[in-house]
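Examination of the molecular architecture
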Amino acid sequence: LRYSKLFYQGTARFNGMSGAFTALGGDLSAISLNPASAAVFRSTEFAVSPQLMFRNDWANYSGSSNDSKLTDFNIGQIGLVSAITLGEGSALKSLSVAYSYNRTNNFSQRTIVSGTSDASSMSDYWASLANGYYTDELEENTSGGFMAYETWLIDTLSNSYTQYASVFSYYGEMNPAYGQQTERVIDNGGYTGEHTIAFGANVGNKLYLGAGFGITALSFTGHYTHTESDDLDNVPDFVRFTYTDHFVATGSGLNFKLGAILKPIEAIRLGFSFTTPTVYRVTENYYSNLTSYFDGDTPSNPDDDGNYEVSKDPMGYGYRVTTPYRINTGIAFQIGTMALVSADYEFVDYTSAKLSRGSDGYEFSTENDDIKSELKSAGNLRLGAEVRLGSVYFRGGLSHHGSSYSDGALNETADYNGYSAGIGYRQPGFFLDFSFAGLIHAENYLMYPDAWLETAVIDTNDKFITATVGLKF
């Protein structure tokens, strides 16, 4: 799902109108949405768009709240298009070729989930993973269970060789005693981006056709530390543990695009495009580390304290990710030379996403069944408007991205809502645009699978400031 979600970033004009360009065309970023956008150009145009992102996260867990902030600078867009005008007597008025790079998602995240856990511990989760295995089978079958066993966070029940309990029940010897302080610090980074090469044809200044392909790239660093501390001394001997999980994923993919824009009358444009699934080949490298600290029977004597640590050496794995196909439709109204309004609807069937071809031959049948049951198709709506006052343009927009989770799922209402505004100055040979856009999202977050674990709620507020410098030849 991380790689299937797209939040198109592009030129300041594109962002200032919330990306509602399927029927408009004439913008380098719109080529990613609809390759027929290239056919609308009548000259050569170059544009580059640096961007600043400000992300605020608020995490609420067990009655406690933490806020975090980060800033990220990147090039949101760069592109070039060239149009060749044909003879006036020809039905084919012009041909165009275009290249455009657009950021499609930003994974930078700094989130702190912190509070008191009253009914669960991550060590309980590791105990559940270990159940059914002898102790000498843990390392081969369950990494988390093995690490927890080696650091004394879980152990076998007194009358069993294959059933486990966590230190919070003193390995099954007492009723579980929780109330520990829990903190998870999430530090993620990375992005997805797409290089689009498109070819367009202008037929009679009425029909604009386009075809192209996208070369996509992803880079994601997932990192978190999870700490639980028995500050109230509810559990004999146990003081705290810290688990670190880190992985880096990189990959590249390919998709194909077809699109059309129809102008039945001068005031109306209709747009349609289809993008095939993107097929990524992803490579991951990952490691984990677990430390625990126990205070012995003599509090004033550290000689009987215990410090335990297990590290899993870096490992690698490869697999294929196929993201959903996308259908974009749009309509735009031109009000003379003074204004325009545009609306887009994008359909994405997230159940068509899948994993396949693991480097060890694994085919992910169970995971793909989960995708089909947990996800659903969703619609994304984008609205934009532009008003022209001489050489100055004022823009605004709204967007809504429907939740990709099926009804009854934990995040069935986890949609995204966006807003935008912008201003631009244009002359025959150059243009300069600025935009401000925001994206608001809330989701439920489980630190680990456990029926007794309280859900954290993470509210995210992204703000994007984009500037575009463009030249026309």
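Structure first, text after, so check above.
The rules behind the values
- Sequence order as written defines residue numbering, which begins from 1 separately in each chain.
- Per-residue local features of the predicted model are confined to residues with pLDDT of at least 70, and side-chain atom pairs are confined, for both listing and counting, to 80 or more; whole-chain, interface and lining totals are unaffected and use all residues.
- With hydrogens and water set aside, each side-chain value is computed from the structure's full complement of heavy atoms.
- Aromatic contacts are taken between Phe, Tyr and Trp rings whose centres are within 6.5 Å, Trp giving its six-membered ring; a plane angle under 30 degrees counts as stacked, one over 60 as edge-to-face, and the others as tilted.
- The helix and strand labels rest on DSSP assignments: H or I over at least four residues marks a helix, E over at least two residues marks a strand, and numbering proceeds from the N terminus.
- Each nonpolar core is a collection of buried residues, namely Ala, Val, Leu, Ile, Met, Phe, Trp, Tyr and Cys, held together in the definition by side-chain atoms within 4.5 Å.
- Note on classification: 1.4 Å probe, protein chains only; a residue is buried when its accessible area is under 20% of the maximum for its type, exposed when over 50%, partly exposed between these limits.
- Contact criterion: two residues are considered in contact whenever any of their non-hydrogen atoms come within 4.5 Å of each other.
- Any residue with relative accessible area above 30% and no salt bridge may belong to a patch, with like charges joined within 9 Å and the nonpolar Val, Leu, Ile, Met, Phe, Trp and Tyr side chains within 5 Å.
- In this description, accessible areas are obtained by the Shrake-Rupley approach with a 1.4 Å probe, and a residue is regarded as covered only by the protein chains that are shown.
- Salt-bridge detection follows one rule: a side-chain nitrogen of Lys or Arg within 4 Å of a carboxyl oxygen of Asp or Glu.
- For two strands to count as paired, DSSP must find a minimum of two bridges between them.

1. What to know about the packing of aromatic side chains
- According to the stated counting rule, one finds 25 aromatic pairs in the structure shown.
- Here Phe 14 and Phe 21 contribute two aromatic rings whose centre-to-centre distance is 5.5 Å and whose plane-to-plane angle is 25°, an arrangement assigned as stacked.
- With 5.5 Å between their ring centres and 55° between their planes, Phe 220 and Phe 247 make a pair best called tilted. Of the two residues, Phe 220 is situated in strand S8 (residues 207-229) and Phe 247 in strand S9 (residues 238-265); the sequence distance between them amounts to 27 residues.

2. Overview of the nonpolar core
- Among the nonpolar cores identified, the biggest contains 34 residues, and Trp 126, Leu 153, Val 167, Phe 238 and Leu 290 are the most heavily contacted of them.
- Residue assignment for this core shows that the elements contributing at least two residues are strand S1 (45-61), helix H4 (122-130), helix H6 (143-150), S9, strand S11 (279-294) and strand S20 (456-472).
- No other element matches H4, which puts four residues into this core.
- Sequence-distant contacts of Phe 238, defined by excluding residues within four places in its chain, comprise Leu 153, Val 167, Phe 168, Glu 228, Asp 230, Tyr 293 and Phe 294.

3. Digging into the environment of Gly 438
- Relative to the helices and strands, Gly 438 resides in strand S19 (residues 430-445).
- Residue classification places Gly 438 among the buried residues on the basis of a relative accessible area of 4%.
- Considering only alpha carbons, one finds Gly 438 and Phe 7, 431 residues apart in sequence, at a separation of 11 Å.
- The residues touching Gly 438, leaving out its near neighbours within four places in the chain, are Asn 417, Gly 418, Tyr 419, Asp 462 and Lys 463.

4. Examining a nonpolar patch on the surface
- Together, Val 387, Leu 389, Phe 394, Ile 423, Tyr 425, Phe 430, Leu 432, Phe 434, Val 469, Leu 471 and Phe 473 make up an exposed nonpolar region whose accessible area comes to about 1,000 Å².
- For the nonpolar patch, the secondary-structure elements that each account for two or more residues are strand S16 (377-389), strand S18 (416-426), S19 and S20.
- No other element matches S19, which puts three residues into the nonpolar patch.
- For Val 469, the position within the fold is in strand S20.

5. Remarks on the pairing of S18
- Residues Tyr 416, Gly 418, Ser 420, Gly 422, Gly 424 and Arg 426 line the buried face of S18, whereas the alternating positions Asn 417, Tyr 419, Ala 421, Ile 423 and Tyr 425 sit on a face that is not buried.
- Both strand S17 (residues 392-401) and S18 contribute to a ladder of 10 bridges, which runs antiparallel. Among the inter-strand pairings, Gly 397 is bridged to a residue of S18, identified as Ser 420.
- By the bridge criterion, 11 bridges tie S18 to S19 in an arrangement that is antiparallel. Following the sheet pairing, Tyr 425 is matched in S19 by Leu 432.
- In this structure, the hairpin formed by S18 and S19 is closed by a connection of three residues.

6. A look at H6
- Listed as buried for H6 are Gly 144, Gly 145, Phe 146, Met 147 and Ala 148.
- Taken together, the buried residues of H6 touch H4, helix H5 (138-141), strand S5 (154-156), S9, S11 and strand S12 (306-322).
- Trp 152 lies just past H6 and shows a positive phi near 65°.

7. Re the pattern of salt bridges
- Within the structure shown, the criterion is met by 13 salt bridges.
- For Glu 346, the salt bridge identified is with Arg 326, shortest N-O distance 3.1 Å. In this pair, Glu 346 sits in strand S14 (residues 339-349) while Arg 326 sits in strand S13 (residues 326-335), placing the two residues 20 residues apart along the sequence.
- Judged by relative accessible area, which is 5%, Arg 326 ranks as buried.
- As a salt-bridge pair, Asp 344 and Arg 382 come within 3.2 Å of each other at their nearest N and O atoms. Residue Asp 344 is found in strand S14, and its partner Arg 382 is found in strand S16; the two are separated by 38 residues along the sequence. Assigned by exposure class, Asp 344 and Arg 382 land together as buried.

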